[in-house]
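Coordinate inspection notes
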Amino acid sequence: MIEELMNRYWDVAMETGPDLEGFVKRAAAGEFGPVSRADITAFLREVEAITIANIETKASEGGMFASMKDQVIQETRAQINELIEKYGGT
């Protein structure tokens, strides 16, 4: 299910721009078929891991991205945790 949600998210993001909360809200409402709260949590954790890996890669290039890395990672984790509280679960 995670892979299916990820593919759907990338498709939607390519069409309308990235809106993670909007996508998760639609998924939780059943727009993409039956999705459990645990599926949403797993999807969000996967998005978090990919995003943090991308942040770390960009920061390793140096410059202003390196100095912003920790702050951006904290913001990313906070956003994901907030979405999990709203839409996810075990």
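Before reading further, recall that the structure is shown in the block above.
Residues numbered from 1 in each chain as written. Predicted model: local features only at pLDDT ≥ 70, side-chain atom pairs only at ≥ 80, totals over all residues. Heavy atoms only, no water.

The final tally for this structure, using the stated rule, is 5 aromatic pairs. Centroid distance Y9 to F43: 6.0 Å. Interplanar angle 70 degrees. Geometry classified as edge-to-face. Note that Y9 is positioned in helix α1 (residues 2-16) and F43 in helix α3 (residues 37-60), a separation of 34 residues in sequence. The structure contains a cluster of three or more aromatic residues connected by ring pairs, namely Y9, W10, F23, F32 and F43. (Phe/Tyr/Trp six-rings, centres within 6.5 Å; stacked < 30°, edge-to-face > 60°. Helix = DSSP H or I, 4+ residues; strand = E, 2+ residues; numbered from the N terminus.)

The next thing to look at is the packing of α1 against α3. One way to put it is that α1 packs onto α3 with a least axis distance of 9 Å and a crossing angle of 60 degrees. Put simply, α1 runs oblique to α3. Considering only the axes of α1 and α3, their crossing is right-handed. Within the contact between the two elements, α1 uses I2, L5, M6 and Y9 and α3 uses D39, A42, F43, E46, V47 and I50. For the contact of α1 with α3, a count of residues per class yields 8 nonpolar, no polar and 2 charged. (Axes fitted to C-alpha atoms, helices over the stretch in contact; angles between N-to-C directions. Parallel < 35°, antiparallel > 145°, perpendicular 65-115°, else oblique. Left-handed = near helix turned anticlockwise from the far one by under 90°. Contact = heavy atoms within 4.5 Å. Nonpolar A, V, L, I, M, F, W, Y, C, P; charged D, E, K, R; others polar.)

Right, let's talk about the packing of helix α2 (residues 20-28) against helix α4 (residues 64-87) for a bit. Two elements in contact, α2 and α4, have axes separated by 11 Å at closest approach and are oriented at 20 degrees. By the angle between their directions, the pair α2 and α4 is classed as roughly parallel. Relative to α4, the crossing made by α2 is right-handed. When α2 is examined against α4, the residues L20, E21, V24, K25 and A28 are found in contact with a partner set consisting of I80, L83, K86 and Y87.

Another point: the pattern of salt bridges. Applying the stated criterion across every chain yields a total of 5 salt bridges. The closest approach of N and O atoms between E21 and K86, which form a salt bridge, is 2.7 Å. Of this pair, E21 sits in helix α2 while K86 sits in helix α4; the two residues are 65 residues apart in sequence, bridging distant segments of the chain. Among the ionic pairs, E48 bridges to R45, the shortest N-O distance being 2.9 Å. Here the residue E48 and the residue R45 both occupy positions in helix α3, the gap between them amounting to 3 residues, near one helical turn. What makes R45 partly exposed here is its relative accessible area of 36%. Salt bridges linked by common partners bring E21, E82 and K86 together as one network. (Salt bridge = Lys/Arg side-chain N within 4 Å of Asp/Glu carboxyl O. Buried < 20%, exposed > 50% of the residue type's maximum accessible area, 1.4 Å probe, protein only.)

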